[in-house]
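Single-letter residue listing:
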Amino acid sequence: MTDFYERIGQLRAEGLRWTEIAKRLSEEFGRPFSDDGVRNAHTRWIARGKQPPKPGKGAIEEPPKAKEPELPTVEERIADEARLLREKNDADTMKRLLRDRAGEELFAEVLREAASRLRFPPLTINPPTQPKGDFPEEEAVIVLSDMHIGSDVDEEETGGLGGYNLAVFQDRLQTLEDAVREILAIHRRAYPIRRLRVFGIGDWIDGQSIFKGHAHHIQVDITEQMLIAVHSIGEMLIRLLDSVDEIKVLILGGNHGRFGMKGEAKDHTNMDRVVGMWMRDLTQNHPRITYRIPKSWWAIEEVLGWRFLCTHGEDIKSWNSIPYYGIDRADARYTKLMGANEMPYHYFVVGHFHNAADIDAVGGEKIVNGAWPGASPFSLKVLQTASRPSQMFFGVSPKKGITWRYRLYLDEDARHRAG
């Protein structure tokens, strides 16, 4: 029979813990041994340096405790703690599963009882009534702003992220005209659209003295900018007369159209307004095109009973390069001001920020128009952003206000660059 103490050493060499060794010895020797007793016996055997007598009847009744009992190793304590954690986690998981399953069973039972008490009648679905023709007439509105005619953005200066000049302006003007013509043709198949509104809300030209060094960022001087604007936009309006019966044009000034630095001249002393006056003279043989060129920086245009407050928006302050808080505050103040003067409005239309958006408001919405240049050295270097060139185009119904709307993107080749 294997020596008791040698057997302890063998099991210990196998890496068993004292609890497991005591259990094995109890099975092999047919007597109960505790883990403390086995550990103390092994300690004494090592201390004596010789083999003690084999255990016999009465040889080991209860091994005396050693003066310095051996403590569990760090690995043993970690293993014991991990075992306890696993057992606790298993218990918690089982408790949670049982609770969830019991809840599901209770919910299903409640539903079954409720269904047994209720008797729903069978559903009868009538075919929907198709809307009939003779829809009310609508008017179309194109918002034109921030064209910056004459601006020169070198594509190399933006690292290939954007470029803008007179040739690009002409291409985008043609893209806009084609889109307006096509959309009008589509909607006129359903109801009449006899009038096109143009909300010209500023920055049609780029100017040349708006900021320090501005003259280095334009392709032509301000006189040529104005002439190009008058002829290009005026000719487009004349061509659009084959799509509508009448065109009504609103012209407001923007900050790029002002004379001199800010505050040197009155607000209405503005190149954008001069462009509108010249364009009115250019198209005078076409009485179906009419103009409104107020001296104020804002105007309310009524379209089929819906009132649009239009302004360029340069006086609206941004916060952390985000204009929407300022737009919301401006709309609230204009609402209060106009309401006090019995001039309420439904929609607030601004440009200036080169970032198109529709923002909900009580009783209407705030419409922020896009811009034509897209990326520029300023927007890329200072703001690290650039929006796609676009303009807002929408329809107005006498009953519903704005119905359909399109954000007309002017850079048709953008879909190819995205690939």
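Just so you know, these numbers come straight off a predicted model, no measurement behind them.

(A) Spatial organisation of the sheet that holds strand β2 (residues 193-200). Here we have six strands laid out as an open sheet, ordered β4-β3-β2-β1-β10-β11, and mixed in their pairing. The outermost strands of the open sheet, each flanked by one partner alone, are β4 (289-292) and β11 (401-409). The average undirected angle you get between the axes of adjacent strands in this sheet is 20°. The pairing of strand β1 (residues 138-144) with β2 spans six bridges and is parallel. Across the sheet, V143 pairs through a bridge with F199, a residue of β2. Packed onto the sheet, helix α5 (residues 166-187) meets β1, β2, β10 (390-397) and β11 and runs at close to 145° relative to β11.

(B) Highlighting the packing of helix α2 (residues 18-29) against helix α3 (residues 35-48). Between α2 and α3, the least distance of the axes is 8 Å, while the angle of their chain directions is 95°. On the basis of their axis angle, the class for α2 and α3 is roughly perpendicular. Each of W18, T19, I21, A22 and L25 in α2 lies in contact with α3, whose residues at this interface are D35, V38, R39 and H42. When its residues are assigned to classes, the contact of α2 with α3 shows five nonpolar, two polar and two charged.

(C) How the structure looks around the environment of E177. Relative to the assigned elements, E177 resides in helix α5. Judged by relative accessible area, E177 falls into the buried class, the value being 3%. Distance in space between the C-alpha atoms of E177 and R239 is 8.9 Å, their sequence separation being 62 residues. The contact partners of E177, leaving out residues within four places of it in the chain, are M236, R239 and L240.

(D) Molecular detail of the packing of aromatic side chains. By the definition in use, this model includes 12 aromatic pairs. On the numbers, 5.4 Å between centres and 75° between planes, the contact of F4 with F29 is edge-to-face. Of this pair, F4 sits in helix α1 (residues 4-13) while F29 sits in helix α2, and the two are 25 residues apart along the sequence. Residue classification places F4 among the buried residues on the basis of a relative accessible area of 2%. Ring geometry for Y334 versus F348: centroids 5.7 Å apart, planes at 45°, classification tilted. Of this pair, Y334 sits in helix α8 (residues 324-340) while F348 is found in strand β7 (residues 347-350), placing the two residues 14 residues apart along the sequence. Neither residue differs from the other here; Y334 and F348 are each classed as buried. Members of the aromatic cluster, each reached through a chain of ring pairs, are F199, W306, F308, Y347 and F394.

(E) Expanded view of the packing of α1 against α2. Close contact between α1 and α2 brings their axes to 10 Å; oriented N to C, the two are set at 140°. By the angle between their directions, the pair α1 and α2 is classed as oblique. Crossing of α1 against α2: the hand is right-handed. Contacts between α1 and α2 involve F4, R7, I8, L11 and R12 from the former and W18, I21, R24, L25, E28 and F29 from the latter. Class assignment for the residues of the contact of α1 with α2 results in seven nonpolar, no polar and four charged.

(F) Region of interest: the confidence of the model for the protein. Of all residues in the protein, 89% attain a pLDDT of 70 or more, and the chain-wide mean is 85. Here residues 50-67 is a poorly scored stretch, pLDDT under 50, and it has 26 contacts once near neighbours within four places are set aside; other chains count. Note on residues 414-419: pLDDT under 50 across the span, and two contacts to partners over four residues away in sequence or across chains.

(G) Representation of a negative patch on the surface. Among the surface-exposed residues, D152, D154, E155, E156 and E157 lie close enough to one another that they form a single negatively charged patch. For E156, the position within the fold is in the loop between β1 and α5. Among the residues examined, E156 registers a relative accessible area of 73% and is labelled exposed.

(H) How the structure looks around the sheet that holds strand β5 (residues 298-303). Read across the sheet, five strands follow the order β5-β6-β7-β9-β8 without closing on themselves; strand pairing throughout is mixed. Looking at strand neighbours, the two that pair on one side only are β5 and β8 (357-361), the edges of this open sheet. Across the sheet, the mean angle separating the axes of adjacent strands is 20° when strand polarity is ignored. Pairing geometry for β5 and strand β6 (residues 306-311), over six bridges, is antiparallel. Each bridged residue has a counterpart across the sheet, and for W298 the counterpart in β6 is T311. Here α8 sits on the sheet in contact with β5, β6, β7, β8 and β9 (364-368), set at roughly 130° to β7.

Basis of the calculations
Residues numbered from 1 in each chain as written. Predicted model: local features only at pLDDT ≥ 70, side-chain atom pairs only at ≥ 80, totals over all residues. Heavy atoms only, no water. Pairing = 2+ DSSP bridges. Helix = DSSP H or I, 4+ residues; strand = E, 2+ residues; numbered from the N terminus. Axes fitted to C-alpha atoms, helices over the stretch in contact; angles between N-to-C directions. Contact = heavy atoms within 4.5 Å. Parallel < 35°, antiparallel > 145°, perpendicular 65-115°, else oblique. Nonpolar A, V, L, I, M, F, W, Y, C, P; charged D, E, K, R; others polar. Buried < 20%, exposed > 50% of the residue type's maximum accessible area, 1.4 Å probe, protein only. Phe/Tyr/Trp six-rings, centres within 6.5 Å; stacked < 30°, edge-to-face > 60°. Left-handed = near helix turned anticlockwise from the far one by under 90°. pLDDT = per-residue confidence, 0-100. Patch = residues over 30% accessible without salt bridge, like charges linked within 9 Å, V, L, I, M, F, W, Y side chains within 5 Å. Areas by Shrake-Rupley, 256 points an atom, 1.4 Å probe, with all protein chains shown as cover. Salt bridge = Lys/Arg side-chain N within 4 Å of Asp/Glu carboxyl O. Lys, Arg positive; Asp, Glu negative; His and termini not counted. Charge placed at Lys NZ, Arg CZ, Asp CG, Glu CD.

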